[in-house]
Structure formats: structure tokens, C-alpha cells
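Here's the letter readout for the chains.
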Amino acid sequence: MHEFSIATQILESVLEFAGAHPGAEVAAIRLAIGELMCVEHEQLRFCFDSIKGGTALENTSLEMAAVRAVVECPHCRYQGAAKYWEDAQAAPVPTLQCPRCGKAAAAIEGEDCAIKSIQLSGLHYENAI
């Protein structure tokens, strides 16, 4: 479960950021999570909520936005939405296979997990970390 390690990294990064702003309370953290990260949002929220207790982030909310996968094919020059593997028993999963020619493609979006903003006691920091 890599959600726990991601939650830990978020907690540590935001605690360090908050330490530079003494007296301010962290109200919200907004994340952008790429589809190719294969992060289960509710699992990440559960992990974050389980480790924030007893810290300065105890009352902080975690907001997440999904970033769609975008691929680029060096063979046919396709650039756009990823091809999805669809299994009737699970949610569609983005692949690195070109939807046009079927060859290997490279990810150009959707493979990051980033803190997009932090809201401190009425203040809002975009791209803070």
C-alpha cells in the first residue's frame, strides 16, 4: 500500500511548510494525483487521517483532484488520452500503449502526485511546495 508512504510524505512536507509560518493553522491541503500513480483516493485519505492526529495538521482537510493520463507515441506521433485496459471486475486502468498504433507510448501527464495548494488560517498558497 503505497498510499501510506505518500500520506507520510505529504504530512512531513506540509508540517515543514507550516513550521515556516508560526501561529498559522493549516486548514486544507489540495493535491493533484495522476491516474498513472494508481493511488486510491479514499485509501490515501484514510492513511492521512490516521497519521495526522496529534500533529499541527490534526484539523486539516485533504482535497484531491485526479489528473488524467496523457501519452505521446514516438512511433505514430499520437498525443492525447491514454488507452485504458478495461476489466469488468475493476475500474478502467490507463496504460502506456498507444491508442492509435498499439505500440509503447510515453506518459507526458498523469504520473505525478503533487501538493497544489495549502490554505493557512484564511491565507491560500498556490504551488506552495
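**Here's the deal with the nonpolar core**
Reasoning step 1: Core analysis: the largest hydrophobic core is formed by 22 residues, its most contacted members being I10, V14, V26, I29, L31, L44 and F48.
Reasoning step 2: At the level of elements, α1 (2–19), β1 (26–34), α2 (41–52), β2 (61–67) and β8 (113–120) are the ones that each hand at least two residues to this core.
Reasoning step 3: Considering each element in turn, this core owes the most residues, seven residues, to α1.
Reasoning step 4: Not counting residues within four places of it along the chain, the set of residues in contact with I10 comprises I29, L31, L44, F48 and I115.
Reasoning step 5: A69, A82, C98 and A105 belong to the second largest nonpolar core, which has seven residues in total.

**Examining α2**
Reasoning step 1: Taking 1.5 Å per residue as the helical rise, α2 with its 12 residues ought to reach 16 Å, and the 16 Å between its terminal C-alpha atoms agrees with that figure.
Reasoning step 2: Residues of α2 that are buried in the fold lie against α1, β1 and β2.
Reasoning step 3: Phi for G54, located one or two positions after α2, is positive at around 80°.

**So, the environment of I29**
Reasoning step 1: Within the secondary structure, I29 is located in strand β1.
Reasoning step 2: A residue is classified by how much of its surface remains accessible, and I29, at 0% relative accessible area, is buried.
Reasoning step 3: Sequence separation between I29 and A81 is 52 residues; the distance between their C-alpha atoms is 27 Å.
Reasoning step 4: Apart from the residues within four sequence positions on either side, I29 is in contact with I10, V14, F48, T60, S61, L62, E63, I115 and S117.

**Details of the sheet that holds strand β4 (residues 79–81)**
Reasoning step 1: Judged by pairing direction, the sheet is antiparallel, and its three strands sit side by side in the order β4-β3-β7 without closing on themselves. In the strand order of this sheet, the two ends are held by β4 and β7 (106–109), each with one partner. Strand after strand, the sheet turns through a mean of 40° between neighbouring axes, direction not considered.
Reasoning step 2: Here strand β3 (residues 70–72) pairs with β4 via three bridges, running antiparallel. By the bridge assignment, V70 is partnered in β4 with A81.

The rules we used
Position labels on residues start from 1 in each chain and follow its written sequence. Whole-chain, interface and lining totals are the exception, using all residues; otherwise, since this is a predicted model, local features are given only for residues with pLDDT of at least 70 and side-chain atom pairs are given and counted only at 80 or more. In computing side-chain properties, one takes all heavy atoms of the structure into account and sets aside hydrogens as well as water. Among the buried residues, those of types Ala, Val, Leu, Ile, Met, Phe, Trp, Tyr and Cys that are joined through side-chain atoms within 4.5 Å form a nonpolar core. In this scheme, a residue with accessible area under 20% of its type's maximum is buried, one over 50% is exposed, and one in between is partly exposed, where area comes from a 1.4 Å probe on protein chains only. Strands are runs of DSSP state E lasting at least two residues, helices are runs of H or I lasting at least four, and both sets are numbered from the N terminus onward. Here a residue-residue contact requires only that any non-hydrogen atoms of the pair lie within 4.5 Å. Multiplying one less than the number of residues by 1.5 Å gives the expected span of a helix. Here, any two strands with at least 2 DSSP bridges between them count as paired. Angles here are taken between N-to-C directions and fall from 0 to 180 degrees, while the axes themselves are lines fitted to C-alpha atoms, restricted in helices to the stretch in contact.

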